[in-house]
Amino acid sequence: MTKKLFWSDPYQTSLLTQVSAVDGNDIRLVSTIFFAFSGGQESDQGTIAGHAVVAARKEGLELVYTLADGHGLLPGRDVEVRIDWERRYRLMRLHFAAELVLELFYKSLSGVGKAGAHIAGDKARIDFVWPESIAPLLPAYTQEAQAIIDANLDIICAFDDETTQRRYWEISGFSRVPCGGTHVKKTGELGQIRLKRNNIGRGKERVEIYLTP
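The notes below deal with the structure included here. (Residues numbered from 1 in each chain as written. Predicted model: local features only at pLDDT ≥ 70, side-chain atom pairs only at ≥ 80, totals over all residues. Heavy atoms only, no water.)

### Some remarks on helix 2 (residues 85–108)
Selection criterion: In this text, helices come from DSSP runs of H or I with a minimum length of four residues, and strands from runs of E with a minimum of two, each type numbered from the N-terminal end. A helix is expected to reach a length of 1.5 Å times the quantity of its residues less one. Exposed residues in this analysis have more than 50% of their type's maximum accessible area, buried residues have under 20%, and partly exposed residues fall in between, with area computed by a 1.4 Å probe over protein chains only. Here a polar contact means two N or O atoms within 3.5 Å. Within protein one must be a hydrogen donor candidate and the other an acceptor candidate, and residues neighboring in sequence count only if both atoms are side-chain atoms.
Over its 24 residues, helix 2 runs 35 Å from end to end, which matches the ideal 34 Å to within 8%, given 1.5 Å per residue. Counting buried residues in helix 2 gives 17 out of 24 residues, a clear majority hidden from the surface. Residue Asp84 occupies the N-cap position of helix 2, its side-chain oxygen lying 3.3 Å from the main-chain nitrogen of Glu86.

Listed below in structure tokens is the structure:
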């Protein structure tokens, strides 16, 4: 199984590793820092042995990377993995911002249900089931989230179950939440948060999340 180093050090931007398997343009690695789409968080962008990664995906507990034709890699080959750090860091910050806002919803909106989420490089969004406009509540949620951010609290990430690779994040005294994404170490790294309501209809609300700088 590929060793997922983006969990132990999500700030690592390059890695020397080996190819463990090749199937046409799909390859697997002994270890990796390259996150593959999961939980709504988009895949990293970057290269393996200088070849651009076209796609990254999960297959069970494994990660598979697709390269373009002609990569020439073979099992056992030493390779360097590089990721686009600026994009990764935006994804990390927006991912945790979405997790924070969603947890505030769960704590105060009885019966709210998450319907989906997506974390991109420019913004995050949460879709959830709620019978009326969330807009009047967003200023208070923004204030609550910003207070947690400004407190610059530690974010602890670890395994609930290493065998099944179930992970969580935790802020002491606030929440412990199952999540397998990449996260920043301190809430203060998020900066300034802004929330925007987008009505998608049929009893569903969408909140878009932006961070500055």
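Text resumes after the structure shown.
### What about the environment of Asp84?
Applicable threshold: Only heavy atoms matter for contacts: two residues are in contact if any of them lie within 4.5 Å across the pair.
Mapped onto the fold, Asp84 is located in the loop between strand 8 (78–83) and helix 2. For the pair Asp84 and Gly46, spaced 38 residues apart in sequence, the C-alpha to C-alpha distance is 5.4 Å. Ignoring anything within four residues of it in the chain, the contact list for Asp84 reads Gln45 and Gly46.

### Digging into the sheet that holds strand 13 (residues 175–178)
Where we set the bar: Here the rule is simple: two strands pair whenever DSSP picks up at least two bridges between them. Between the N-to-C directions of two axes lies an angle of 0 to 180 degrees, each axis being a line fitted to C-alpha atoms and, for a helix, fitted only over the stretch in contact.
What the three strands build is an open sheet, ordered 11-12-13; its pairing is antiparallel. Both edges of this open sheet fall to strand 11 (156–161) and strand 13, since each of them pairs with a single strand only. Neighbour-to-neighbour, the strand axes of the sheet open up by a mean angle of 30°, direction not taken into account. This element, helix 2, spans strand 12 (166–171) and strand 13 of the sheet and lies at about 115° to strand 13.

### Structural notes on the sheet that holds strand 7 (residues 62–67)
The antiparallel closed barrel is built from six strands, whose spatial order is 2-3-7-6-5-8. Geometrically, the sheet is characterised by an average inter-axis angle of 45° between neighbouring strands, direction not taken into account.

### Considering the packing of aromatic side chains
Note on aromatic pairs: each is described by the distance of the centres and the angle between the planes. Put simply, the test is: Classification of ring pairs rests on two measures: the distance between centres of Phe, Tyr or Trp rings, Trp counted by its six-membered ring, which must be within 6.5 Å, and the angle between planes, read as stacked under 30 degrees, edge-to-face over 60 and tilted in between.
Per the counting criterion, the structure on display carries 10 aromatic pairs. Residues Tyr11 and Trp85 carry aromatic rings whose centres are separated by 5.8 Å and whose planes lie at 45° to one another, so their mutual orientation is tilted. Placement of the pair is Tyr11 in the loop between helix 1 (5–8) and strand 2 (14–23) and Trp85 in helix 2, with a sequence separation of 74 residues. For Trp85, a relative accessible area of 27% translates into the label partly exposed.

### Quick word on the pattern of salt bridges
Here is the rule: We define a salt bridge as a side-chain nitrogen of Lys or Arg found within 4 Å of a carboxyl oxygen belonging to Asp or Glu.
For the structure shown, the criterion picks out 13 salt bridges. Here Glu59 and Arg28 are joined by a salt bridge, their closest N and O atoms 3.1 Å apart. Placement of Glu59 in strand 6 (residues 51–59) and of Arg28 in strand 3 (residues 26–29) is noted, with a sequence separation of 31 residues between them. Taking relative accessible area as the criterion, Glu59 reaches 34% and is therefore assigned partly exposed. Arg87 is the salt-bridge partner of Glu42, the closest N and O atoms lying 2.5 Å from each other. Taken as a pair, Glu42 in the loop between strand 4 (31–32) and strand 5 (46–48) and Arg87 in helix 2 lie far apart in primary sequence, 45 residues in all. Accessibility assignment for this pair places Glu42 and Arg87 in one class, buried. Through salt bridges with shared partners, a single network forms among Asp26, Arg28, Arg57 and Glu59.

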